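# Topology and contacts: notes
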Amino acid sequence: MSQEEKISRTILLIEDNEDHAEITQFYINEYADDIEVIWLSDGKIAIDHILEINGNSKRIYPWLILLDINLPKYDGHEVLLRLKSNQSLKEIPVVMFTTSNSNQDIETALKGGANSYIQKPIEPDEFASTIAKIIDYWSLNQHEIIVNNLNHHA
Amino acid sequence: MFKKLKLKNRIYTGFIVVGLISLGMAVISVVAFYYANNNFGYLVQFSNKSHLAVAILRDVSEIQRQALIYTHEGHQSAANRVHEIHQRISAQIKQESQQDSKYFQDIVKHLDTYVKTFKQVQQQRTRQAALVHSEIRILASEAENHFLKHIVQASSTADIETQLNNQRILNSLLQIEKYAMRYFDTLDSKDVIFAKNALSQIQKSLQTIQKQDAAKPVSEHILQTIQFINNYEQVFLEAVQRTRGYLFLINVVMSAEAYEIIYRSQRIDRQLEQEMNKIQQRTLSLMQQVIIVIISSSIIFLILITVFSILISRSITIPIEKLTATFIALAKGSRLAKIPDYKIQDEIGALTEAAVVFKGKNKQTEELLAQSTQLTNDLERSNDELEQFVYTVSHDLKSPLVTSMGFIGIIQKLAAAGKMQDAIDKLDRVVSSNRRMGQLINDLLELSRVGRIETDKTTIDLNKLLESFYQNHLNQLTHTGFTLSFDSTLPTLYVNESRILQIFENLLVNALKYAINPNGSVINIGASETEEHQLIYFKDNGPGIAKEYHKKIFGLFYRLNNDKEGTGIGLAVAAKVMKFHNGSIWVESEPNNGATFWLKFPKINKETD
Amino acid sequence: MDTERRKWLKNTGKIALGASATLAFPNIVKAYNSKPTIKVVGTHVTLQEQLRKKAEQDLGINIEFYPGGSAEVLLKASTDPGSFDLYEQWSNSMNILWQANAIQPIAISKLKYWEEINDLTKKGRISANAKLGLGDAPYKLLYTQKDGTLSSTPSEHISFLPYVHNTDSYGYNSAVIPQGIPYETESWGWLLDEKYSGKVALVNAPTIGLFDAALAVQTRGLMDFKDMGNMSRQEVDELFRILLDYKKRGHFRGVWTSVPNSVELMKSGEVVIQSMFSPAVSALKGQGVPCIYAAPKEGYRAWHGVMCLSRESMGERQEAAYAYMNWWLSGWPGAFIARQGYYISNPQRSRQFMSKPEWDYWYDGKPASEALKGTDGNVSVLPGEIRTGGSYIKRFENVAIWNTVMDSYEYTLSKWNEFVLTI
């Protein structure tokens, strides 16, 4: 199989903390080695990439977006809103990452359209299991729908 | 006027005054009616007396008439009438007049004299009647008889002359009787003289006869005749005297008395009429006066009541109304309610003072409320800040912890998978993140130490301060290629030296990190001022800061760029220090046009707390 | 007085020793306690208490006065002579008394002072050029005649003792009516002057007041009288018609019946002019009312007091009566009554009992040189005053009429009644 065929799921990770991104990536790959993790630290750039790719170069069809709430430039909520208001992007499930579990953030996130949310855990095993759960949750079928959607509305 | 009168007293006074006026009017009315009543009483009295006077007038005429009838006719009934009338008048007078009126007393006196005289008249007349009607006749007839007998006796011996003489005498006797009786009818005294003359004549004649017959034995009859004739003369004269007597009494004495009674009665009547008129006039004018008085006093009364009501309302009800409005407003919490002016020291005055106090308390309350709101706001803000702080802290502190534990997990997995080298390589990450956590905690502590610093304030010359600051960071500056310049006319500030240094320190650190200009990074420090503040600026020519981040950068642990070192606490500390200097810090910047950080200090002479 | 008593003793031999002793020896009078009592009937004019007391004192006898109004007195005297010894009245009642045979002639021989009595009563004129007044002039009634009539022909007996007399006129209040000139402006006509309407009074006696009115009427020319002293019935009718007219118009306040009555009328102001008797004038002056006794130019109305002896007065009572009569002319009583304005028939004897100023004023018509007091003790004459009418002589030279009982007397009575009662 070619590399393209082999990689069936793409997770877009929008995170500004390099360490956290690395950890997340490690655990994702440790759990499912067929997932490609694309890491972007800037929310705006991330959105452009998705849409941009639709136009010209290599397209990304994220099967899941992991979004950190605290981003330096574009706020996490902002990004979320952008994603969910875009017709072609809104089907993409978004899971919010936080370091706190303030109710306000959770509410805002879910109201904003986040499909789920997780708190960055401190326990190492927990991080792994959390990632595992997320991955399992979103089925492969979902991916097709998303792809179609993306193609339809591109 | 009535400074210390209590309300109650004033009202009572008013009522008393009103009551007194009413009482006065009532008294006037009563007195007036009393007088009127009196006057009417007098009128009645006078009327009765007048009535009596008129009755007396009438009765006196009647009494005199009856008296005259009695005198002329001798009717006993007339005499009785006289006494009857006298009784009646006396009784009436006694009943009516009692003590007053001298006139009535006089009338009674005259009346008594009148009746006394009348009694004499009665006496005389009775006697006279007796004399005239019986005695005279008897004597006359006796005389005639005896003479006749004598004539008879002497007829035999008498010559014609003697017989003629005797006849003449007899005729004379008859004449005398005629004259006498005529007198009592006509009351012409000539008849008395005739009678008397005739009697004298007869007496002379009889004397002559007696002497003639001196030789012969004197006829018994002649003697008798003479006797009787003498008696007759006596009786006749007596009767005449009595007649004249009672005529005089009734015509002169009694009529004078009667006239006096009439005169006095008339006087009484006239006087009474005058008196009654006077009383009528007086009563009328009195009633008029009273009516006028009552009407005018009613008017005055009404005016007084009106005035009084006005006074009361002015002095009591209006103040009460005003005060009520004031209190209502005050109860609603107003501190601007107008308190009406009230100078009298009574209950309303007390209320007014209370209102003033109330107002004051309201003001106090409002101020306290404001203070409390302020404090609450401050507290809320503090709480918010605190929350924010806690959130920020927990979030920022948590992040390195996640990193640390995350990598520890990875190390475990790698180690478990046998990738020992990879695992050991990851240890550096754990160390650095822990280190970072330690930094963060230190910076937090540092921030917390920025507390109240009034006591540590001193007057510092900024020029000197920055001079030494420049020297201290010279190496760093040259190393990084930054140029630092500052104005020479920097002011003196009354500040905490170390803290101010800290601000500059942090600003410099940030500038060195973020305000890099490829064409040469320059930092400039200068000063400006307003009326109340001193302004210091820290200007760079770096890439600038987008507007949306102008506030955020002063947030705790906020970093625009996570690449560089640092915990993002520098500006937060600066902000806190400025806050405690009662000043502020902010940034002015546009992308690609550098950034200017402003520090605002209140001027030293202003003692604001 | 002692000689007088001895005369009595001579004349009245019958008198019991005891009785005469009481007369002769006053001392025994008291011891015996039975003095003779004489009763005197008369008017207030002469029956004054002061006179009685003095007489009793001087004579040593009991004197009882029975004063009364003249009519009353006259009646009593004429019908009951036994009730009095002496009768004092006016000459106008002489005829009545004489006709009534009530009085006895007085013996001139028993009168001590007969010679001193002046000619007024004896001859009718006080002096040669005196007028003879109309009416009952007393001289016409003085002497008793044998035929039982009274006339001026002298005889041994007189019907009355001449003593008190006077000229009367009217009095007026000079504070209201301006003083007139005696015999010139003063006139009887003033009584009918309309000016004084309502304030005029007459004396209530047809034998006196009527003549005042008649004189007034005549002098005003309202009517003429043939003989005012003896008016006919027609004249009486006419006179009364005039008077009634005046009375109806309220001209007369009325008539007065006594001297005090007349005083009261003028004093109270009810009348300002009226018939008056002299003592009333004195009394008013003494009470401060300036009353003037007019001297009318027509002449006075004169009157003469008469003292008559009762027919029944006999014996010692008669003697006592004569004593009283003589006492009256003994001087003191004359002086007494002079101070009341009356004259006495023998004034010379009374002169010694009067002070010179008194004599000058009362009898000589000279101005009073000092204030003179009346018998009541009050001043009745102020210094400088002259008695109106002048002297005694002058006054009695001007008598117009005497108080008179006319033949038409009874007629005048009923007319007078009408006059009095007319309102």
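The structure under discussion appears in the preceding block.
Let me begin by describing the structure that accompanies this report.

## Things to note about helix H11 (residues 497–514) of chain B
If you check H11(B), its first and last C-alpha atoms are 26 Å apart, about what 18 residues at 1.5 Å a residue would give, namely 26 Å. All of the buried residues in H11(B) are B:Arg499, B:Ile500, B:Gln502, B:Ile503, B:Phe504, B:Asn506, B:Leu507, B:Leu508, B:Asn510, B:Ala511 and B:Leu512.

## Brief notes about a nonpolar patch on the surface
Judged by side-chain polarity, B:Tyr12, B:Phe15, B:Ile16, B:Leu20, B:Leu23, B:Val27, B:Val31, B:Tyr34 and B:Tyr35 come together as a nonpolar surface patch covering roughly 960 Å² of accessible area. Summarising the element assignment, B:Phe15 is placed in helix H1 (residues 7–73).

## Overview of the interface of chain C and chain B
Between chain C and chain B, the residue contacts involve 33 residues of the former and 36 residues of the latter. Summing both partners gives a buried area of about 2800 Å² for chain C against chain B, and 57% of it is carried by carbon and sulfur. By the criterion of area lost to chain B, the three top residues of chain C are C:Gln99, C:Arg253 and C:Glu410, representing 22% of everything that side buries. On the surface where chain C and chain B come into contact, there are three salt bridges. The partner of C:Glu270 in a salt bridge is B:Arg267, with the nearest N and O atoms 3.8 Å apart. Looking at the side of chain C that touches chain B, the elements with two or more residues in it are helix H5 (70–79), helix H6 (94–99), helix H9 (233–248), strand S11 (252–256) and helix H17 (409–421) of chain C.

## Some remarks on the sheet that holds strand S4 (residues 94–98) of chain A
All names here are of chain A. The parallel open sheet is built from five strands, whose spatial order is S2-S1-S3-S4-S5. The sheet is open, and its two edges are formed by strand S2 (35–40) and strand S5 (116–119), each paired on a single side. Each neighbouring strand pair of the sheet contributes to a mean axis angle of 20°, computed without reference to strand direction. Sitting on the sheet, helix H2 (residues 18–31) is in contact with strand S1 (9–14), S2, strand S3 (64–68) and S4, with an inclination near 175° to S2. The strands touched by helix H6 (residues 124–137) are S1, S2, S3, S4 and S5; relative to S4, the strand with the most contacts, the crossing angle is about 165°.

## Things to note about the side chain of C:Ser91
Tracing the backbone through its elements, the reader meets C:Ser91 in the loop between strand S3 (86–90) and H6. Those residues in contact with C:Ser91 that lie beyond four places of it in its chain are C:Asp136, C:Pro138, C:Leu141, C:His304, C:Val306 and C:Asn403.

## Topic: the nonpolar core
Counting 200 residues, the largest nonpolar core has C:Met231, C:Ile273, C:Tyr324 and C:Trp328 as its most contacted members. With 26 residues, the single largest contributor to this core is helix H6 (residues 220–331) of chain B. Setting aside residues no more than four positions away along its own chain, C:Met231 makes contact with C:Leu210, C:Phe211, C:Ala214, C:Phe225, C:Val236, C:Leu239, C:Met406 and C:Ser408. Membership of the second largest hydrophobic core comes to 49 residues, among which are B:Leu440, B:Leu465, B:Leu507 and B:Phe554.

## Digging into the interface of chain A and chain B
With 26 residues of chain A in contact, the opposing surface of chain B contributes 22 residues. For the pairing of chain A and chain B, the buried interface totals around 2100 Å² over both sides, and the portion due to carbon and sulfur atoms is 55%. The largest contributions to the chain A side of the interface with chain B come from A:Phe26, A:Thr99 and A:Ile122, which together make up 25% of the buried area. The interface formed by chain A and chain B includes three salt bridges. Between B:Arg429 and A:Glu22 there is a salt bridge, and its shortest N-O distance comes to 2.6 Å. One can count seven residue pairs in polar contact (both at pLDDT 80 or more) joining chain A with chain B. Here the side of chain A that touches chain B takes eight residues from H2(A), the largest share from any one element. Class assignment of the residues belonging to the side of chain A that touches chain B gives a composition of nine nonpolar, seven polar and 10 charged.

## Describing the packing of H2(A) against H6(A)
Residues and elements named next belong to chain A. Where H2 contacts H6, the axes come no closer than 9 Å and their chain directions differ by 60°. In terms of orientation, H2 and H6 fall into the oblique class. In the packing of H2 onto H6, the handedness of the crossing is right-handed. Note on element contacts: H6 touches H2 through Pro124, Phe127, Ala128, Ile131, Ala132, Ile135 and Asp136, opposite Ile23, Thr24, Tyr27, Ile28 and Tyr31. Class assignment for the residues of the contact of H2 with H6 results in 10 nonpolar, one polar and one charged.

Calculation rules
- Residues numbered from 1 in each chain as written.
- Chains lettered and ligands numbered in written order.
- Predicted model: local features only at pLDDT ≥ 70, side-chain atom pairs only at ≥ 80, totals over all residues.
- Heavy atoms only, no water.
- Helix = DSSP H or I, 4+ residues; strand = E, 2+ residues; numbered from the N terminus.
- Expected span 1.5 Å × (residues − 1).
- Buried < 20%, exposed > 50% of the residue type's maximum accessible area, 1.4 Å probe, protein only.
- Patch = residues over 30% accessible without salt bridge, like charges linked within 9 Å, V, L, I, M, F, W, Y side chains within 5 Å.
- Areas by Shrake-Rupley, 256 points an atom, 1.4 Å probe, with all protein chains shown as cover.
- Salt bridge = Lys/Arg side-chain N within 4 Å of Asp/Glu carboxyl O.
- Contact = heavy atoms within 4.5 Å.
- Buried area = accessible area lost by both parts, 1.4 Å probe.
- Pairing = 2+ DSSP bridges.
- Axes fitted to C-alpha atoms, helices over the stretch in contact; angles between N-to-C directions.
- Core = buried A, V, L, I, M, F, W, Y, C linked by side-chain atoms within 4.5 Å.
- Polar contact = N/O pair within 3.5 Å; in protein donor to acceptor, adjacent residues only side chain to side chain.
- Nonpolar A, V, L, I, M, F, W, Y, C, P; charged D, E, K, R; others polar.
- Parallel < 35°, antiparallel > 145°, perpendicular 65-115°, else oblique.
- Left-handed = near helix turned anticlockwise from the far one by under 90°.

Read these as geometric descriptors, not functional statements.
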